[in-house]
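Structural features, examined
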Amino acid sequence: MTRLDTTIVGARVFRFPLRAVGGLYKMSVSHVTEIDTHIVELVTASGLRGYGEVCPLGPAYQPEHAAGAFAALGELLPAVLGLDATQTGLVNHRMDTSLNGHNYAKSAIDVACWDLWGKADDRTVGALLGGAHTDRVATYWGLMPDTAEGTAAKAVELVAEGYRRLQLKTGGRPVADDVACMRAVAEAVPAGTKLLADANRGWTVRDALEFSVACADIPLVLEQPCRTYEEHRQLQSKVAHPVFLDESTVDVATVARVGVEGVAQGFGMKLSRVGGLTKLRAVRDVCDALRLPLTIDDTWGGDLVAAATVHMGSTVDPLLYEGTWTSWRYMDESYPTSTEPIAPSGGTLRVPSGPGLGVELDLDGLGRPVLEAGSV
Ligand code: 0XW
Ligand code: MG
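Within each chain, residue numbers correspond to sequence positions counted from 1 in written order. Ligands are numbered from 1 and chains lettered from A, in the order in which they are written. Note on the predicted model: pLDDT of at least 70 is required for a residue's local features to be given, and 80 or more for side-chain atom pairs to be given and counted; whole-chain, interface and lining totals, by contrast, use all residues. To get the side-chain values, take all heavy atoms of the structure and skip hydrogens and water.

Some remarks on the pairing of strand E5 (residues 49–54)
Put simply, the rule is: Think of it in three bands: with a 1.4 Å probe and only protein chains considered, a residue is buried below 20% of the maximum accessible area for its type, exposed above 50%, and partly exposed in between. Counting from the N terminus, the helices are the DSSP runs of H or I reaching at least four residues and the strands are the DSSP runs of E reaching at least two. For two strands to pair, DSSP has to find at least two bridges joining them.
Taken across its 6 residues, E5 has 5 buried, putting it largely inside the fold. In this structure, strand E4 (residues 34–44) lies alongside E5, joined through 6 bridges in antiparallel fashion. Paired with His38 across the bridge in E5 is Val54. Counting the residues in the hairpin turn of E4 and E5 gives 4 residues, including Gly47, whose phi is positive at 95°.

Considerations on the coordination of the magnesium ion (ligand 2)
Six octahedral donors around a metal ideally sit at 90 or 180 degrees from one another, while four tetrahedral donors ideally sit at 109.5 degrees. Selection rule: Sites may look incomplete, because water is not among the atoms used; the donor set itself consists of N, O and S atoms within 2.8 Å of the metal (3.2 Å for Na, K and Ca).
Only Asp198 (OD), Glu223 (OE) and Asp246 (OD) from the protein coordinate the magnesium ion (ligand 2), and they sit 2.0 to 2.3 Å from it. According to the relative accessible area criterion, Asp198 is buried, its value standing at 1%.

Notes on the site of ligand 1
Heads up, the rule is: Neighbouring residues are identified by heavy atoms, a residue being near a molecule or strand if any of them is within 4 Å of it. The definition of a polar contact used here is a pair of N or O atoms within 3.5 Å, where within protein one atom must be able to donate a hydrogen and the other to accept one, and adjacent residues in sequence count solely through side-chain atom pairs. Throughout, the protein atoms alone are placed on a 1 Å grid, and a set of points is a cavity if a 1.4 Å probe fits but cannot get out or a pocket if it is open with protein on both sides within 12 Å along at least five of seven lines; lining residues have an atom within 4 Å of a point. By definition, a pocket or cavity contains a molecule when more than half of the molecule's atoms lie within 2 Å of the pocket's grid points.
Near ligand 1 lie 15 residues; those nearest to it are Tyr61, Gln167, Asp198, Asn200 and Thr299. Within the side chain of Tyr61, a nitrogen or oxygen atom sits 2.7 Å from an oxygen atom of ligand 1. For ligand 1, an oxygen atom lies 3.1 Å from a polar atom in the side chain of Glu223. Taking a 2 Å distance to the grid points as the criterion, the majority of the atoms of ligand 1 fall inside the largest cavity.

A short note on the domain arrangement of the protein chain
Worth spelling out the cut-off: Segment limits for the domains were obtained from an automatic or database-derived domain assignment. By the convention used here, residues are in contact when the closest approach between their heavy atoms is within 4.5 Å. Here the quantity called buried area is the total loss of accessible area, with a 1.4 Å probe, experienced by two parts when brought into contact, counted for both.
One can read the domain layout of the protein chain as domain 1 (8–122 + 364–374) and domain 2 (128–350). Between domain 1 and domain 2, the C-alpha centre-to-centre distance is 23 Å. Contacts between domain 1 and domain 2 engage 39 residues on the former and 43 residues on the latter. Counting the surface domain 1 buries against domain 2, the share from its top three residues, Tyr25, Tyr61 and Trp114, is 20%.

Looking at the sheet that holds strand E1 (residues 8–19)
Short version of the rule: In this analysis, axes come from line fits to C-alpha atoms, helices being fitted only over the stretch in contact, and the angle between any two N-to-C directions falls in the range 0 to 180 degrees.
Reading across the sheet, the 4 strands line up as E5-E4-E1-E15 and stay open at both edges, with antiparallel pairing between neighbours. In this open sheet, the two edge strands, each paired with only one partner strand, are E5 and strand E15 (371–374). Ignoring which end each strand starts from, the neighbouring axes of this sheet average 20° apart. Bridge count between E1 and E15: 4 bridges; the pairing is antiparallel. For Arg12, the partnering residue across the bridge sits in E15 and is Glu372. Sitting on the sheet, helix H1 (residues 66–80) is in contact with E1, E4, E5 and E15, with an inclination near 10° to E4. Docked against the sheet, helix H3 (residues 103–121) engages E1, E4 and E5, running at close to 150° with respect to E5.

Here's the deal with the packing of H1 against helix H2 (residues 88–98)
So the rule is basically this: Every angle not falling under 35 degrees, over 145, or within 65 to 115 is termed oblique; those three ranges are roughly parallel, roughly antiparallel and roughly perpendicular. When the near helix sits turned anticlockwise from the far one by under a right angle, the crossing is termed left-handed; a clockwise turn instead gives a right-handed crossing. Gly falls in the polar group here, along with every residue not listed as nonpolar (Ala, Val, Leu, Ile, Met, Phe, Trp, Tyr, Cys, Pro) or charged (Asp, Glu, Lys, Arg).
Relative to each other, H1 and H2 sit at 135°, their axes nearing to 9 Å. Relative to H2, H1 is oriented oblique. The two elements H1 and H2 cross, and the hand of that crossing is right-handed. In this structure, H1 contributes Leu76, Ala79 and Val80 to the contact, and H2 contributes Val91, Arg94, Met95 and Ser98. The residue makeup of the contact of H1 with H2, split by class, is 5 nonpolar, 1 polar and 1 charged.

Let's talk about empty space enclosed by the protein
Formally: Grid points are joined across faces, edges and corners, and a volume is the space filled by probe spheres set on the points.
All told, the structure shown has 4 cavities of 30 Å³ or more when counted by the stated rule. Each pocket or cavity is described by its volume, and for the largest cavity that value is around 110 Å³. Around the largest cavity sit 16 residues that line it, and Tyr25, Tyr61, Lys169, Lys270 and Trp325 are the ones nearest its centre. Residue classes in the lining of the largest cavity are distributed as 6 nonpolar, 3 polar and 7 charged. Counting only domains with at least three residues in the lining of the largest cavity, you end up with domain 1 (8–122 + 364–374) and domain 2 (128–350).

Things to note about the nonpolar core
So the rule is basically this: Residues belong to one nonpolar core when they are buried, are Ala, Val, Leu, Ile, Met, Phe, Trp, Tyr or Cys, and are joined through side-chain atoms within 4.5 Å.
Of all hydrophobic cores here, the largest spans 88 residues; its most connected members are Tyr25, Leu166, Met182, Phe211, Phe267, Leu277 and Trp300. Here the element with the most residues in this core is helix H12 (residues 303–315); it accounts for 6 residues. Here this core spans two domains, since at least three of its residues come from each of domain 1 (8–122 + 364–374) and domain 2 (128–350). Excluding residues that lie within four positions of it along the chain, Phe211 makes contacts with Val175, Asp178, Val179, Met182, Ala197, Trp203, Leu220 and Leu222. Of all hydrophobic cores here, the second largest spans 26 residues; its members include Ala69, Val80, Leu83 and Ala373.

Right, dumping it as structure tokens:
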């Protein structure tokens, strides 16, 4: 059988606005209302098209923003023309030597390569990543700051729906309010429900210690309490709870260092932060070797992001996998697809079974491309 020519000959970028439900998604140090997502289409010599997406959670969540993604894609796309999309190591090397940093923009190109590879070989991205343990993965919910009663009522609703992991957004207000919320939720949900306090970098070391002492009797995880590695090192052995790092884990080397130095006991991982599936696969494998639990998420986005994260999530050792968060229910609408949406149901998400990512876009609904390179 002659294999399709997977040389990248062209690329297009589309922009689509994704609005937060109720006009707001709030965390301790930042919030978003409407976010532009950028969809990357790579075209191969044989006419096959692959897709990836990058959608930073506004400009203040991580050192990323939508306009930065667009500008970085303008640098990166001409650089990958002529490469074989299925040789993702070489594509990543070319991207890293063409533009320093901007992992989030690289992520969309890398994911589009995996989509192409899967389509060319008629295999799912999960199969290419080593094989899926399951065709449905667990998802979890991030509860925005509210009153103790309001948060507990929402938590009870979510557990009844099938959610087994709840992340409470903390920080940005008196620690006592966060303690009251966590206590109300812990009392309202069944034992065994995984609880996390995610301050999204909004606490000082003192705040984190105060919260941990006040909640010492509640099994929970402190997620990204502070800003820096040094602050988290100060928490080591002082807090009563495990710490998971999210925003701080920018690359494989940081994950390895955190694990070896014991600064955290797990991760909230973001696909775009580390630069795509090729690099996230290395993160997954380091976590596997060090026996560190992790989520497989991204910052925000539609079904392309959801598919990439659930495919990767399905390949993580079930003993370590903490689930995948998607923005589906936090958005008013997404870009159109002709495949079934990857919508949460019963606290789980479907892993697509079609080739590549398993998501078919309705290109007419995306409008005109905002960027083009090569022949499309
Ligand atoms: C709840 N999340 C996974 C979604 C947003 O991207 C932020 C985030 C987190 O854990 O920080
Ligand atoms: Mg987090």
